[in-house]
Amino acid sequence: MTEKLCALQEAVARFVPDGASVALGLQLESMIPFAAGHEIIRQGKRDLALVGPISDILLDQLIGAGCAKRVTAAWVGNVMMGSAYNFRRAIEDGIPHAVEMVDHTNFTLALALHAGALGVPFLPTYTAGGSSVIARNPGLAEFEAPFTGEKMQAVRAISPDVTIVQAQRSDASGNAHVWGNLGVLPDAVHAAKHVIVVAEEIVSAKVIASDPNRTVIPGFLVSAVAEVPFGAHPSPVQGYYNRDNEYFGEYHKATRTRAQFERWLKEWVTCLKGREEYLSRLGNDRVQSLKVRKHAWSARADFGN
Amino acid sequence: MVATAAREIRDGDVVFVGMRLPLIAFVVAKHTHAPDAVGVFENGILRSTPARELLFTMSDGPNITGALSCLSMLECMALLQRGRVSLGFLGAAEVDRRGNLNSTEVRDASGKAIRLPGSGGACDIAALAKRFVALLDHQRFRLPEKVHYVTSPGFGPWRAGRLAQGGPAAVITTKAVLRFSAGGEAYLHSYHPGTTVQDVLANTGWDLQVSPEVRETKPPTRQELRAIRAYDRDGFWTR
């Protein structure tokens, strides 16, 4: 088995080159790889084509930091608070620079990644009929279905250069367990050329092999694995910590103007070396208060024969 | 508005629950008249019991603990496209007279484009659920004759073939409930306590038809209010 375990800095430096298409935030509002996103910002990556259904405020941060050339997404904002200001500034006024927006719906984005995972150029669907989304997305086209003659939409495949996933636990080879809502994670992993796994904890191969149904990410598709506890904060990771709702409210208030955002970015990202410094800035009390309050273990399953 | 929205859920419905306010409407319905409704969340969650704690997003811990099933988005969207979702709920920034919703881009008074977050799953819910209900903050500029970006399709020539199965059943605003004629045009069905037909018409951007049987919206029952307050204790969603 190849050892893929490395520091997050190294994983981002090696597998997220300037100009790459990067899929992240695949489980919607949970398990968003904020630590990896912040590392992308610190390394000053440019011209990225960001792909994700929602990604909550991580997309807004990457756009505000000037990392994005294009955003291919269904929804960009702050889920709890509404709009996100960097996204608005970039699209409306080209601040800090213009960003191309490719509108998707959640379903069409899921289908695009599924097509990528299947290795086919497109997939058909009924969704988006009658909507303006088709006009804003060159990867959607109406066509006449064979066999039935119905009008349908073709959704063009997306195969990201790199998919970044947050996992609960992984072994050193990138075989990773994920539980809770999966969003578009399985297809984004299978469609990508490279996969970076950011795990809450690295465990032995034996632990992962004990429960193969939970191994959503097979290690042979993975290029790098990094262990980053609390790597998804302020988004939640089931069984590890809850959502830091206040942080989303604070971010909303602290990023209304460009100058405010620049201060925020310095304080929370560029002045910090990595996740450990981020967590000390957050403070131990706050970190502890987010941890699981009441455990809910699943029953054991017998994989014996 | 939340109580009225919850009443749209029939017992046994399979409900596609969108982000924000619909999250609480589903919980209220489960606690009152629709204990057998099943919730489908686009992040991949199916739930047959209401979440125990207030949700700010559908992916919060309490929505996963005790879920019926945790799947992928594709599997939830498949239920929707396959015609197994009886009702979908969504919010919007603008709604027009044909029930088209816009949550992608509006214009300010000077005509400049203001970018909003976008569809998420809203377009999919509107296109593919057997009926959908939209929630809206009732202001004149939010109810234009025609939205200039159709994020989520209402009634129009596209309601043929597979899409003929669906369309808007109601628009629940902070002032009123609008429903739709057989021809696919919105009309005023009821106005909420504290407002009037005239007030609703004055705050709607087209010549809104009024049902001959127009009446006041039934106020929330004590049971509904109890369910809302027990769940949203600090009034984050319902203040």
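Computed from a prediction, not measured in an experiment: that's the story for all the values here.

A tally of helices and strands in chain B yields seven helices and 14 strands. Taking 239 residues into account, the globule formula puts the C-alpha radius of gyration at 18 Å, and chain B, at 17 Å, falls close to it. Along the longest, intermediate and shortest principal axes, the C-alpha atoms of chain B span 45 × 40 × 35 Å. In chain B, buried positions account for 53% of the 239 residues. A separation of at least 24 residues holds for 65% of the contacts in chain B among residues at least 6 apart in sequence.

A few words now on the sheet that holds strand 6 (residues 140–144) of chain A. As a general point, the strands of a sheet are linked pairwise by backbone hydrogen bonds and lie either parallel or antiparallel. All names here are of chain A. Across the sheet, three strands lie side by side as 5-7-6; this open sheet has antiparallel pairing. Bordering the open sheet on either side are strand 5 (122–125) and strand 6, each of which pairs with just one other strand. Here the average twist between neighbouring strands, direction ignored, is 35°. Taken together, the five bridges between strand 6 and strand 7 (residues 151–156) define a ladder with antiparallel strand orientation. Within strand 7, the position partnered with Leu 140 by the bridge is Val 155. Set on the sheet, helix 5 (residues 106–118) makes contact with strand 5, strand 6 and strand 7; between it and strand 5 the angle comes to about 145°.

So, on to the interface of chain A and chain B. Each partner contributes to the interface: chain A provides 47 residues, whereas chain B provides 44 residues. Elements that contribute at least two residues to the side of chain A that touches chain B include exactly helix 4 (85–93), helix 5 and helix 6 (185–191) of chain A. Residues of the side of chain A that touches chain B, tallied by class, amount to 20 nonpolar, 19 polar and eight charged.

In this section: the confidence of the model for chain B. Taken residue by residue, chain B gives an average pLDDT of 95. The fraction at 70 or more is 100%. Both confidence scores are given for the complex: pTM 0.97, ipTM 0.96.

Attention now moves to the pairing of strand 10 (residues 194–202) of chain A. All names here are of chain A. Where strand 8 (residues 162–170) meets strand 10, eight bridges bridge the pair, whose relative direction is parallel. Bridge pairing in strand 10 places Thr 163 opposite Val 195. Summarising the sheet, strand 10 and strand 12 (residues 224–227) pair through four bridges and their orientation is parallel. For Ile 196, the partnering residue across the bridge sits in strand 12 and is Ala 224.

Before going further, it helps to examine the nonpolar core. Membership of the largest hydrophobic core comes to 164 residues, with the highest contact counts inside it found for Leu 62, Ile 196, Val 197 and Val 198 of chain A together with Val 15, Val 28 and Ala 134 of chain B. The biggest single contributor to this core is helix 5 of chain A, with eight residues. In this structure, this core is formed jointly by two domains, domain 1 (8–104 + 159–290) and domain 2 (108–156) of chain A, each of which donates at least three residues. Other than its neighbours up to four places away in sequence, Ile 196 of chain A contacts Ala 11, Phe 15, Ala 36, Val 162, Ile 164, Ser 223 and Ala 224 of chain A.

Let's shift gears to the packing of helix 3 (residues 56–64) of chain A against helix 4 of chain A. Residues and elements named next belong to chain A. The contact between helix 3 and helix 4 brings their axes to 7 Å, and the two run at 50°. Classified by the interaxial angle, the pair formed by helix 3 and helix 4 is oblique. The handedness of the crossing between helix 3 and helix 4 is left-handed. Residues Leu 59, Asp 60, Ile 63 and Gly 64 of helix 3 form the contact with helix 4, whose participating residues are Asn 86, Phe 87 and Ala 90. Taken together, the residues of the contact of helix 3 with helix 4 sort by class into four nonpolar, two polar and one charged.

Attention shifts here to the domain arrangement of chain A. Note: interface size is frequently given as the accessible area lost on complex formation between the parts. Residue and element names in this part refer to chain A. By domain assignment, chain A separates into domain 1 (8–104 + 159–290) and domain 2 (108–156). For domain 1 versus domain 2, the separation of C-alpha centres amounts to 27 Å. Listed as interface residues are 11 residues of domain 1 and, on the opposing side, 10 residues of domain 2. Of all the elements in the fold, those that place two or more residues in the side of domain 1 that touches domain 2 are strand 4 (100–103) and helix 6.

Analysis parameters
- Residues numbered from 1 in each chain as written.
- Chains lettered and ligands numbered in written order.
- Predicted model: local features only at pLDDT ≥ 70, side-chain atom pairs only at ≥ 80, totals over all residues.
- Helix = DSSP H or I, 4+ residues; strand = E, 2+ residues; numbered from the N terminus.
- Rg over C-alpha atoms; globule rule 2.2 N^0.38 Å.
- Buried ≥ 20, exposed ≤ 12 C-beta atoms within 10 Å, placed from the backbone.
- Contact = placed C-beta atoms within 7 Å.
- Pairing = 2+ DSSP bridges.
- Axes fitted to C-alpha atoms, helices over the stretch in contact; angles between N-to-C directions.
- Nonpolar A, V, L, I, M, F, W, Y, C, P; charged D, E, K, R; others polar.
- pLDDT = per-residue confidence, 0-100.
- Core = buried A, V, L, I, M, F, W, Y, C linked by C-beta atoms within 7 Å.
- Domains from an automatic or database assignment.
- Parallel < 35°, antiparallel > 145°, perpendicular 65-115°, else oblique.
- Left-handed = near helix turned anticlockwise from the far one by under 90°.

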